[in-house]
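So you can see what is in the structure, the chains are spelled out below.
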Amino acid sequence: MQYEITLPTDYDMGIIRRRVETNAPRLDDFEGMGLKAYLIQDRANGAMVNQYAPFYLWNDQAGMAKFLWGGGFFTGICTSFGRPPVRHWAGVDVLAGPDLDQPALSATKHTQLLEPDVDPAEPIAAAVETLQRTASLEGVHTAALAVDTARWELVHFTLWSGPEPGAVPGTRYQVLHLSTPGTKELLGR
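Residues numbered from 1 in each chain as written. Predicted model: local features only at pLDDT ≥ 70, side-chain atom pairs only at ≥ 80, totals over all residues. Heavy atoms only, no water.

Asker: Could you give an account of the overall build of the chain, naming the residues involved and the relevant values?
Answerer: Within the chain one finds 5 helices and 9 strands. Counted from the first residue to the last, the chain has its helices and strands arranged as β-α-β-β-β-α-α-β-β-α-β-β-β-α. Relative to its length of 189 residues, the chain is compact, with a C-alpha radius of gyration of 16 Å against a globular reference of 16 Å. Each of the three principal axes of the chain carries a C-alpha extent, and together these read 45 × 35 × 35 Å. Across the 189 residues of the chain, 46% fall into the buried class. Of the contacts made within the chain by residues no fewer than 6 positions apart, 76% connect residues no fewer than 24 positions apart. A total accessible area of about 9,800 Å² is found for the chain, and carbon and sulfur atoms account for 50% of it. (Helix = DSSP H or I, 4+ residues; strand = E, 2+ residues; numbered from the N terminus. Rg over C-alpha atoms; globule rule 2.2 N^0.38 Å. Buried < 20%, exposed > 50% of the residue type's maximum accessible area, 1.4 Å probe, protein only. Contact = heavy atoms within 4.5 Å. Areas by Shrake-Rupley, 256 points an atom, 1.4 Å probe, with all protein chains shown as cover.)

Below, the structure is given as structure tokens:
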């Protein structure tokens, strides 16, 4: 799941950085969560927009539900910024990269629409092959693939241990913090 909050051009992104620094540790042991990447784009660092765009991989629906409406976690976002739309995809696969044990510093997210009226089996199988190649690249922490069945859209998500090297297409983000309470379960370890 992911939600994106695009902020005004003159917004002080230091506010987001401080919120993450203060609040992120609360989710470092959140039951049901595989991982949460606290992502930003910052115009001061050359991005087109100021944006807070956390990305989550869940091990179970109950954990996601508790986060969104059962425990006051999402309430802070709603109180500060209004309730943003939350994108939710069905997970296809998630793979560890060679730098899984390193801190994640950047991320890429690439969405791909599937052709209309095409059986999704073949393009999703091809996307799994791409995921496997991506996960083997130097500098990859974790790579995931998911599908939005309402839009028939694939999302390729990759965490990197350094600056994303331009090896994969997509929107680039800085990772402010990575909570990994259930990564072993997520990766089947």
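Asker: I'd like to hear about the side chain of Ser106, residue by residue, with values.
Answerer: When you line up the elements, Ser106 lands in strand E6 (residues 106-113). Residue classification places Ser106 among the buried positions, given a relative accessible area of 7%. At 2.4 Å, the side chain of Ser106 and the backbone oxygen of Gly162 are in polar contact. In this structure Ser106 touches Thr158, Leu159, Trp160, Gly162, Pro163, Glu164, Tyr173, Gln174 and Val175, once residues within four positions along its chain are discounted. (Polar contact = N/O pair within 3.5 Å; in protein donor to acceptor, adjacent residues only side chain to side chain.)

Asker: Please provide a residue-by-residue account of the pairing of strand E4 (residues 55-58), values included.
Answerer: The alternating pattern of E4 places Phe55 and Leu57 and Tyr56 and Trp58 on opposite faces, both of which are buried. Bridge count between strand E2 (residues 33-41) and E4: 4 bridges; the pairing is antiparallel. If you follow Met33 over to E4, its bridge partner there is Trp58. (Pairing = 2+ DSSP bridges.)

Asker: Would you mind going over the packing of aromatic side chains in detail, with residue names and values included?
Answerer: In this structure the tally under the stated criterion is 13 aromatic pairs. Ring plane angle 75° and centroid distance 6.0 Å describe the contact between Phe30 and Trp58, whose orientation is recorded as edge-to-face. Here Phe30 is found in the loop between helix H1 (14-23) and E2, whereas its partner Trp58 is found in strand E4, with 28 residues between them in sequence. Of the two residues examined, Phe30 and Trp58, each falls in the buried class. Relative to Trp89, the ring of Phe55 has its centre 5.8 Å away and its plane inclined at 25°; by these criteria the two rings are stacked. Of this pair, Phe55 sits in strand E4 while Trp89 sits in the loop between helix H3 (75-81) and strand E5 (90-96), and the two are 34 residues apart along the sequence. An aromatic cluster of three or more residues is present, and its members are Tyr3, Phe30, Tyr52, Tyr56, Trp58, Phe67, Phe73 and Phe74. A cation over an aromatic ring shows up here: Lys66 above the ring of Phe30, its NZ or CZ 5.3 Å from the ring centre. (Phe/Tyr/Trp six-rings, centres within 6.5 Å; stacked < 30°, edge-to-face > 60°. Lys NZ or Arg CZ within 6 Å of the ring centre and 35° of its normal.)

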